Amino acid sequence: MGKYFGRIFRSIFIAFILLSQSEDSHGKEKCHYDIDIAWTSEVSNSLLASPALVADIDADDSVDIITAAFTEEVAVLQGSNGQFLSGSWPANMQDNSFHASPLLYDIDKDGRSEIMVCTSDGEVMFLDNQGHMLQGTSLKVPHLVAMYVMFERDVEITPSNINMFIKPFSPKVQDYRAGRTSDSLYVNVPPHVLATPVIADLNRDGVTEELILPVSYYFDKEMYRSDEDLASVGLPLSELDNYLAGGIVVYNLTSRQPIHQINLELTMVNDAYPGYVLFTPTVVDLEGDGGPLEMIVGTSAGRLYVINHNGKIRQGFPVAIAPMHGQITVEEITGDGRLDLVVIDTSGNVMCFDNRGNVQWEAEISGSSSPGSRVADVNQDGHLDVVIPTNNGYVWALQGNTGKVLPGWPIALSCKLLANVVIARLKPKPNPLDVIVPSYDHHLYVISGDGQCVEVIEVDERSLVPIIAADLMPTTPGLELLLGTNDGTVMCLRTQEEVHDGKGGVAMGDVEDWRAENPAHNRFTYWDGKVGIKVSKVTKEAQLVTGNDFNVRFEIVDGRSDVRGKMKYTVQVLAGQILLEPGKSFTFPGDYTLTVPTPNKPMRTVVTIQMTNQYGQVFVDSYAVSFNTRLAQDVQWLLFFPFIAMTLLLLLVHGYPEVDLLPLTHMNKLR
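Please read these numbers as outputs of a predicted model, since none were measured by experiment.

Parameters at a glance
Residues numbered from 1 in each chain as written. Predicted model: local features only at pLDDT ≥ 70, side-chain atom pairs only at ≥ 80, totals over all residues. Heavy atoms only, no water. Helix = DSSP H or I, 4+ residues; strand = E, 2+ residues; numbered from the N terminus. Contact = heavy atoms within 4.5 Å. Areas by Shrake-Rupley, 256 points an atom, 1.4 Å probe, with all protein chains shown as cover. 1 Å grid on protein atoms, 1.4 Å probe; cavity = no way out; pocket = protein on both sides within 12 Å on 5 of 7 lines; lining within 4 Å. Points joined across faces, edges and corners; volume = space filled by probe spheres on them. Nonpolar A, V, L, I, M, F, W, Y, C, P; charged D, E, K, R; others polar. Buried < 20%, exposed > 50% of the residue type's maximum accessible area, 1.4 Å probe, protein only. Lys, Arg positive; Asp, Glu negative; His and termini not counted. Salt bridge = Lys/Arg side-chain N within 4 Å of Asp/Glu carboxyl O. Phe/Tyr/Trp six-rings, centres within 6.5 Å; stacked < 30°, edge-to-face > 60°. Lys NZ or Arg CZ within 6 Å of the ring centre and 35° of its normal. Pairing = 2+ DSSP bridges. Polar contact = N/O pair within 3.5 Å; in protein donor to acceptor, adjacent residues only side chain to side chain. Axes fitted to C-alpha atoms, helices over the stretch in contact; angles between N-to-C directions. Patch = residues over 30% accessible without salt bridge, like charges linked within 9 Å, V, L, I, M, F, W, Y side chains within 5 Å. Core = buried A, V, L, I, M, F, W, Y, C linked by side-chain atoms within 4.5 Å.

> Looking at this model, I keep getting lost on the overall build of the chain. Mind explaining?
In terms of helices and strands, the chain carries 5 helices and 45 strands. Sequence-distant contacts in the chain: of pairs separated by 6 or more residues, those separated by 24 or more amount to 57%. Working note: accessible area of the chain is about 29600 Å², and carbon and sulfur atoms make up 52% of it.

> Looking at this structure, how should I read the layout of surface pockets?
Take a probe with the size of a water molecule and roll it over the atoms, and the empty space left behind shows itself. In this structure, the second largest pocket encloses a volume near 670 Å³. The wall of the second largest pocket is formed by 29 residues, among which Ala 49, Phe 279, Leu 418, Leu 464 and Glu 517 lie closest to the centre. Looking at the lining of the second largest pocket residue by residue, the classes come out as 14 nonpolar, 13 polar and 2 charged.

> I'm lost on the side chain of Glu 581 in this one. Help?
Its location among the elements puts Glu 581 in strand β42 (residues 578–586). Despite its burial, Glu 581 pairs with no opposite charge, the nearest such side chain being Lys 584 at 6.9 Å.

> Looking at this structure, I do not really get the pattern of salt bridges. What am I missing?
In a structure, side chains of opposite charge can pair up when their charged atoms sit close to one another. Under the definition given, this model contains 15 salt bridges. A salt bridge links Glu 222 to Arg 225; the nearest nitrogen and oxygen atoms lie 2.2 Å apart. With relative accessibility at 66%, the residue Arg 225 sits in the exposed group. For Arg 515, the salt bridge goes to Asp 513, with nearest N and O atoms at 3.2 Å. Take Arg 515: its relative accessible area is 27%, and that puts it in the partly exposed class. By relative accessible area, Asp 513 is classed as buried at 11%. Connected via shared salt-bridge partners are Glu 287, Glu 294, Arg 314 and Arg 356.

> For this particular structure, what's the right way to read empty space enclosed by the protein?
Here the structure, examined in full by the defined rule, presents 2 cavities of 30 Å³ or more. In this structure, the largest cavity occupies an estimated 80 Å³ of space. Lining the largest cavity are Leu 48, Ser 50, Pro 51, Ala 52, Thr 67, Val 465, Pro 466, Ile 468, Leu 482, Leu 483, Gly 484 and Val 490. Here the lining of the largest cavity takes 3 residues from strand β35 (residues 480–484), the largest share from any one element. In this structure, the second largest cavity encloses a volume near 40 Å³. Lining the second largest cavity are Glu 331, Asn 522, Arg 523, Phe 524, Thr 525, Trp 527, Gln 617, Val 618 and Phe 619. Residue composition of the lining of the second largest cavity, by class: 4 nonpolar, 3 polar and 2 charged.

> Just checking my understanding: could you explain the packing of aromatic side chains for this structure?
Any two aromatic rings considered together are summarised by their centre-to-centre distance and by the angle between their planes. Summed over all chains, the structure comprises 7 aromatic pairs. With a centroid separation of 6.2 Å and an interplanar angle of 65°, the aromatic rings of Phe 219 and Tyr 224 are classed as edge-to-face. The exposure classification of Phe 219 matches that of Tyr 224, with both residues buried. Geometrically, the ring pair formed by Phe 586 and Tyr 592 is tilted, given 4.3 Å between the ring centres and 45° between the ring planes. Across the ring face of Trp 527, the terminal group of Arg 560 is positioned such that the distance to the ring centre comes to 4.9 Å.

> Teacher, can you tell me more about the environment of Pro 410 here?
Note that Pro 410 resides in the loop between β28 (394–399) and β29 (411–412). With 44 residues separating them in the primary sequence, Pro 410 and Ser 366 have C-alpha atoms 9.5 Å apart.

> Is there a simple way to think about the pairing of strand β16 (residues 244–252) in this case?
Successive residues of a regular strand alternate their side chains across the two faces of the sheet. Buried residues dominate β16, accounting for 9 of its 9 residues. Side chains of β16 alternate between two faces, with Leu 244, Gly 246, Ile 248, Val 250 and Asn 252 and Ala 245, Gly 247, Val 249 and Tyr 251 buried alike. Bridge count between strand β15 (residues 210–218) and β16: 9 bridges; the pairing is antiparallel. When the sheet's bridge partners are listed, Leu 211 is paired in β16 with Tyr 251.

> Please clarify how the side chain of Thr 137 should be interpreted in this entry.
By the secondary structure assignment, Thr 137 is in the loop between β8 (123–127) and β9 (139–140). For Thr 137, a relative accessible area of 5% gives the class buried. Here the side chain of Thr 137 touches Leu 134 through a polar contact of 2.7 Å, landing on its backbone oxygen. For Thr 137, the residues in contact, after removing those within four places along its chain, are Ile 107, Phe 126 and Arg 256.

> Hey, could you run me through the sheet that holds strand β1 (residues 35–42) in this one?
The pairing of strands in a sheet happens through backbone hydrogen bonds and is either parallel or antiparallel. Taken in spatial order, the 4 strands line up as β1-β36-β35-β34 in an open sheet, and their pairing is antiparallel. Looking at the sheet topology across the chains shown, the edges are occupied by β1 and β34 (468–470). The average undirected angle you get between the axes of adjacent strands in this sheet is 25°. When β35 meets strand β36 (residues 489–495), the two strands line up antiparallel, connected through 5 bridges. From the neighbouring strand, Leu 483 faces β36, where its bridge partner is Met 491.

> Sorry if this is basic, but what is going on with a nonpolar patch on the surface here?
A contiguous nonpolar surface patch, about 450 Å² in accessible area, is contributed by Met 646, Leu 649, Leu 652 and Val 653. With respect to the element layout, Met 646 can be found in helix α5 (residues 629–654). Looking at Met 646, the relative accessible area reads 47%, which means it is partly exposed.

> Is there a simple way to explain the nonpolar core in this structure?
What tends to happen in soluble globular proteins is that the nonpolar side chains get buried as a cluster. Core analysis: the largest hydrophobic core is formed by 59 residues, its most contacted members being Ile 296, Leu 304, Leu 341, Val 350, Val 571 and Ile 609. Apart from the residues lying within four places of it in its own chain, the contact partners of Val 350 are Val 342, Val 343, Ile 344, Trp 361, Glu 362, Ala 363, Ile 365, Ile 388 and Leu 398.

> Please explain the sheet that holds strand β45 (residues 618–627) as it appears in this structure.
A sheet is described by the order of its strands in space; here 5 strands give the open sequence β39-β45-β44-β41-β42, paired in mixed fashion. Each having just a single partner strand, β39 (544–545) and β42 make up the two edges of the open sheet. Where strand β44 (residues 603–613) meets β45, 10 bridges bridge the pair, whose relative direction is antiparallel. Along β45, the bridge assignment pairs Arg 604 with Ser 626.

> Please clarify how unusual backbone geometry should be interpreted in this entry.
If a residue is not glycine, its phi is most likely negative; likewise, a peptide bond is most likely trans. Cis geometry marks the peptide bond from Trp 89 to Pro 90, where omega comes out at -5°. By secondary structure assignment, the location of Pro 90 is in the loop between β4 (71–78) and β5 (91–97). Cis geometry is found at the peptide bond from Lys 429 to Pro 430, where omega equals 10°. In this fold, Pro 430 is placed in the loop between β30 (422–424) and β31 (434–438).

> Got a minute to help me understand the pairing of β42 in this structure?
As defined by bridge partners, strand β41 (residues 569–575) adjoins β42 across 6 bridges and the pair is classed as antiparallel. Across the sheet, Ala 575 pairs through a bridge with Ile 578, a residue of β42. Hairpin remark: β41 followed by β42, antiparallel, with 2 residues in the connecting loop; positive phi at Gly 576, about 60°.

> What's the story with the environment of Gly 302 in this structure? I'm lost.
By the secondary structure assignment, Gly 302 is in the loop between β19 (294–298) and β20 (303–307). The buried category is assigned to Gly 302, whose relative accessible area is 4%. Sequence separation of Gly 302 and His 325 is 23 residues, and the distance between their C-alpha atoms is 9.5 Å. With sequence-adjacent residues up to four places away left out, Gly 302 is seen in contact with Val 319, Ala 320, Ile 321, Ala 322, Pro 323 and Met 324.

Given below as structure tokens:
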């Protein structure tokens, strides 16, 4: 009874907060940001259901924008002007749709990254920077082989007995036909990937080669409208909704073979809590001992899972909550030196768990669902906060160590928010950070981190996906904001503020952009220059490298006083998937130099310097460089000079020949 009245009291308290803050938010001052539209580009006639990826795909020392529209088109735009990159862009991926953002991976190990796209039907394909598909590299997620009429059994299906109703997965036996199998006891249920996969070094062997896919298995009724299509399945239409499952599939991208099919949920589509996996897994080392990573995911059936690298569910999990919304945010926010899990359910409950599944704190916010959360010290008090947008138009900010609502929050925007926030610095210090979120009412909102002002930017476009913040136009100051819209348009918004560090230089906050929905696969926190890795300007200016090795100067940044001397940073240097420096360990932040061997063949590529801490959290910096390409050109000329010299000598000695020196073949026209 006490718990019941406690919930009522919390609901009344939240209503009071919303009422008071709603009145304040409409009366807030404008933040006076100088933001205008730099360019727009139409990449598709369908909506953009996933955020773009910003990267230098052609190693020309300028960033590009990689997008996958919901239906068929994959495009690469030049970041500076929004024009299509040279090549066969946009690439038409006929009869495919995309819920997932593009990723980069060097699948052919040639030192240059390809574009990886994952279709909604679970097929993974790779494109080069010209828009051509690499043949023989695609992967296909296998069907789930579920027991026929399993729903008629009077047994509750739980994580402990789920595999009794699913045929064991065998990489050697893959049947991609949906419907009844040759074994009449089982049904092949088609896979669907409804969120962006993760590429990570799951087993921590130093090679980033594991692809972790969130998979929901079900029959898409749109595919079986005709009697012929339905007959091919071997099931009546009324039974298609009886099969719904959710799980994780792990591939090794080096061998291109599946290594785990981890079954988490088995329900029916019309269940009160259907078992979809709708969001990207979080991949991190919860123990922080430098061991293998865990996969963390919440399902719409209301269970929070932590899965070991070997595919086994961690002891103490799953934790039963309510249907979860948004990717699970993982960061050290409570101050105990261990990673925490921030979970949001569709009832507006926010829970902070430790790495063993114990509740650290609970809070209640408005709205029935949320796209997830982001972390930053928005009020600049030295402690991380959790920022959450909700579908009823509020943006909340909670203290990371207690879950209490920050003063001045939540901010009422009076519109539906379906995309996550992005936190960036649009104004120089000591101004507060900025919380940026697109809405479903044709506006973009910029909220100052202290909650004192809100800027409303009319863009005349609806958006379902988060903003991307990056330096797309190096000739102009400040970051650019990239908006993907429901009508297939990419819009670049230019900010005019230049961010300085107060010491005469440009702050790291200026280059701490947000190039993907989840940069480096497990980053949720905007550190404002306090944590990261930065390659020196001198190294980046060395556009041409010759010889057997080269120097990389970089700075490991970690301004958190409470972790100094307790962290371990492993730095790798890569060209695509070629490990130039397999891993050098450091204990303290500071400036360092590594002497790294050059690739064993001439190439123009993007060099990535990747720093990984003991939790498996990844930070990167990169730059474009040419390795021994001028030497290769010189060698070509050296080989060509003897031929020219001999030809000239023959002409001088013998003169120009009166007849052809080589035999000719004449075609007989009568034949």
